[in-house]
Amino acid sequence: MVNITETVLRDANQSLIATRMPFSEFEPILKTMDKAGYYSLECWGGATFDSCLRYLNEDPWERLRKIKAACPNTKLQMLLRGQNILGYKHYPDDVVRMFVRKSVENGIDIIRIFDALNDVRNIKVAVDETLKCGAHASGTICYTLSPIHNIESYVKLAKEIEALGVQSICIKDMAGIMSPQEGYELVKALKANVSVPIIVHTHSTTGLGFMTLLKCVEAGADVIDTAISCFSGGTSQPATETMVYALRQLGYEVPVDTNVCKEINDFFKPYRNECLKSGQLNPVVMGTQTDALIYQIPGGMLSNLVAQLTAQNKLDKLDEVLLETPRVREDLGYPPLVTPMSQMVGVQATANVLAGERYKNISKEIKSYLKGEYGKAPGEINKELQKKVLGDEEPYSGRYADTLAPQFEEAKKELGDRATCDEDVLSYIAFPTQAEAFFEKRDAKKKNTFTYTIKKMG
Ligand code: CO
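Residues numbered from 1 in each chain as written. Predicted model: local features only at pLDDT ≥ 70, side-chain atom pairs only at ≥ 80, totals over all residues. Heavy atoms only, no water.

### Examining the coordination of the cobalt ion
Taken together, Asp11 (OD), His201 (NE2) and His203 (NE2) make up the protein donors of the cobalt ion, found 2.1 Å from the metal. In the primary structure, the donors to the cobalt ion are separated according to the pattern D-x189-H-x1-H. Here His201 lies in strand β7 (residues 198–201) and Asp11 lies in helix α1 (residues 8–17), a separation of 190 residues in the sequence. For the residue pair Asp11 and His201, the accessibility class agrees, reading buried in each case. (Donors = N, O, S within 2.8 Å, 3.2 Å for Na, K, Ca; no water. Helix = DSSP H or I, 4+ residues; strand = E, 2+ residues; numbered from the N terminus. Buried < 20%, exposed > 50% of the residue type's maximum accessible area, 1.4 Å probe, protein only.)

### Digging into the pattern of salt bridges
It is possible for side chains bearing opposite charge to pair when their charged atoms get close. Taken as a whole and judged by the stated rule, the model has 31 salt bridges. Salt-bridge contacts for Asp128 lead to Lys132; the nearest nitrogen and oxygen are separated by 3.0 Å. Within this pair, Asp128 and its partner Lys132 are both found in helix α7 (residues 121–132), separated by 4 residues, close to a single helical turn. Given a relative accessible area of 29%, Asp128 falls into the partly exposed group. Among the residues examined, Lys132 registers a relative accessible area of 55% and is labelled exposed. Among the ionic pairs, Arg399 bridges to Asp402, the shortest N-O distance being 2.7 Å. Taking relative accessible area as the criterion, Arg399 reaches 8% and is therefore assigned buried. In the salt-bridge network here, residues are joined through shared partners; they are Arg97, Arg101, Asp128, Glu129 and Lys132. (Salt bridge = Lys/Arg side-chain N within 4 Å of Asp/Glu carboxyl O.)

### A short note on the nonpolar core
Ranked by size, the top nonpolar core spans 102 residues in total, and within it Leu9, Met33, Leu80, Phe99, Phe231 and Phe268 carry the most contacts. Leaving out residues up to four positions away in the same chain, Phe268 has contacts with Val8, Leu9, Met21, Phe26, Ile29, Met33, Ile228, Cys230 and Phe231. If you look at the next biggest cluster of nonpolar residues, it comprises 33 residues, including Val328, Ile362, Tyr374 and Leu385. (Core = buried A, V, L, I, M, F, W, Y, C linked by side-chain atoms within 4.5 Å. Contact = heavy atoms within 4.5 Å.)

### Structural notes on the side chain of Ser342
Looking at where Ser342 falls in the secondary structure, it is placed in helix α17 (residues 341–355). Among the polar contacts listed, one links the side chain of Ser342 to the side chain of Gln343, at a separation of 2.8 Å. (Polar contact = N/O pair within 3.5 Å; in protein donor to acceptor, adjacent residues only side chain to side chain.)

### Section: the sheet that holds β7
Read around the closed barrel, the 8 strands follow the order β1-β2-β3-β4-β5-β6-β7-β8; overall the barrel is parallel. The average angle at which neighbouring strand axes cross in this sheet is 30 degrees, direction not considered. Sheet strands touched by helix α8 (residues 151–163): β5 (136–142) and β6 (168–172). Its angle to β5, the strand with the most contacts, is close to 160 degrees. Helix α11 (residues 240–249) rests against β1 (3–6) and β8 (223–226) of the sheet, and its axis sits at about 140 degrees to β8. (Pairing = 2+ DSSP bridges. Axes fitted to C-alpha atoms, helices over the stretch in contact; angles between N-to-C directions.)

### With respect to unusual backbone geometry
Note the cis peptide between Thr339 and Pro340, where omega equals 0 degrees. The phi dihedral of Asn313 falls on the positive side, at around 60 degrees, and the residue is not glycine.

### Describing the pairing of β7
Looking down a regular strand, the side chains alternate between one sheet face and the other. A two-sided burial pattern is seen for β7, the buried positions comprising Ile198 and Val200 on one face and Ile199 and His201 on the other. In this sheet, β7 lies alongside β6 in parallel orientation, the contact comprising 4 bridges. Residue pairing in the sheet places Lys172 in a bridge with His201 of β7. With helix α9 (residues 180–193) bridging β6 and its parallel neighbour β7, the resulting β-α-β unit is right-handed. As paired strands, β7 and β8 are joined by 2 bridges and run parallel to one another. Across the sheet, the residue bridging to Ile199 is Val223, located in β8. The β-α-β motif built from β7, the intervening helix α10 (residues 209–218) and the parallel element β8 has right-handed crossover chirality. (Right-handed = clockwise from strand over helix to strand, strands pointing away.)

### Here's the deal with the packing of aromatic side chains
Summed over the entire model, instances satisfying the criterion amount to 15 aromatic pairs. Their ring planes at 80 degrees and their centres at 6.0 Å tell us that Phe231 and Phe268 sit as a pair that is edge-to-face. In this pair, Phe231 is assigned in the loop between β8 and α11 and Phe268 in helix α12 (residues 258–278), connecting sequence segments 37 residues apart. The two residues Phe231 and Phe268 agree in class, both being buried. Ring pairs connect the aromatic residues Trp44, Phe49, Trp61, Phe99 and Phe431, which therefore count as one cluster. We note Arg20 situated over the ring of Tyr55; from NZ or CZ to the ring centre the distance is 3.6 Å. Over the ring of Tyr184 we find Lys215; its NZ or CZ atom is 5.0 Å from the centre of that ring. (Phe/Tyr/Trp six-rings, centres within 6.5 Å; stacked < 30°, edge-to-face > 60°. Lys NZ or Arg CZ within 6 Å of the ring centre and 35° of its normal.)

### So, helix α15 (residues 299–311)
The end-to-end C-alpha distance of α15, which contains 13 residues, comes to 18 Å, matching closely the 18 Å that a straight helix rising 1.5 Å per residue would cover. Within the span of α15, buried status applies to Met301, Leu302, Leu305 and Leu309. Projected onto a plane normal to the axis of α15, the buried residues spread over an arc of 105 degrees and lie on a single side. Buried positions along α15 lie against α14 (291–295), α16 (318–331) and α17. Looking at the residues trailing α15, positive phi occurs at Asn313, about 60 degrees. (Expected span 1.5 Å × (residues − 1). Arc of directions from axis to C-beta.)

### Examining the pairing of strand β3 (residues 76–80)
Of all 5 residues that make up β3, 5 are buried, and the element is covered over most of its length. Inspection of the sheet shows β3 paired to strand β4 (residues 110–113) by 4 bridges, in the parallel sense. Note that in β4 the partner of Leu80 across the bridge is Ile113. At this point the chain moves from β3, through helix α6 (residues 93–105), to the parallel β4, and the crossover so formed is right-handed.

### Details of the side chain of Arg112
As for its placement among the helices and strands, Arg112 is situated in strand β4. In terms of polar contacts, Arg112 uses its side chain to reach the side chain of His201, at 3.4 Å.

This is how it looks when you write it as structure tokens:
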């Protein structure tokens, strides 16, 4: 049997239209989605939280509660960046635990937890709290290619993650660069070495997605991530209906109702067309882009590099930057190129080329990384570079969050009566500026409604 996680509300939304789908847009289809038979509905975390506050004037917690109310029979899933929760810096443990607890209380059933460096210490606390709350912790392997990443290293990592007590392990191929053969071998090896279910997450960016998912299923993958067809393909996931059709013909049982899938797809189609018309959805991102296979860097990172160089009128340096990027990555001990590492490596490679001298200018983030503040690098860090930044100081080798003082109660005091609940405090800790602006608008709206009610009554 193969199970399906539907991503239209989170990753497809994030990858195709920069997470701008408002709740009101998908609210009418939720009750139908609840009948599809999905293993889970990925609907929260990742960029949805930030986007709700920043662009959509929505309370992310309220969105989650409303989804839960409309989908009582489907497991709701979120993506969590381990010790970074939904941001890019490390938070103290009290914040991580409170965030996990409130996520579960508000309706999350499965939390997929990852760390950009695959440093297990950075997912440990989030996993522990998820289990304490009685929810499903899905440990994650960020998939990347490098001379030090191989089947053995991934199996070792999977065993460490399994030892935390997770109920499943997800292979997260954020760049869509895992080939059918690599996927097959990796899933086979994981199935032979760990006993929890294996989930495969990839993107269609390079065109490998469908083939990779199929080979992973052949190797024994238990769950695959797909997106309803009109929001699938390109930087999004392979299409749900297509995978179900092909897998059933090959003899796999897939417990998804295809009639319901058709209803869901028919519902989202007009909205997809609207996004195309408004330019919110660029048809290019729905197509196949194979550059990531040549440069071994994610598509999003490549477009960032092009944008950076174009802004500085230095696009003629692109080839040099593309040669410098893997060298910077090597100096840093081959971090997976996932946010925020992809941006950090890209910015540093660009700086190295434009300055005409390597590491003449070193970004604040790279300095923190070299100090050990992001966690343990997968491989060896270039000693010379580390010495250049740290001098005789030793890099921090412990778990960085251990150096951070508790923050929740402090933030709660700071906010005072602007926060109406603990969820507000967490929104504020994660995205202070956006949350404050949101609270102000919410208060103003409340006052308006109040005046309106009084007028009406009068
Ligand atoms: Co993804």
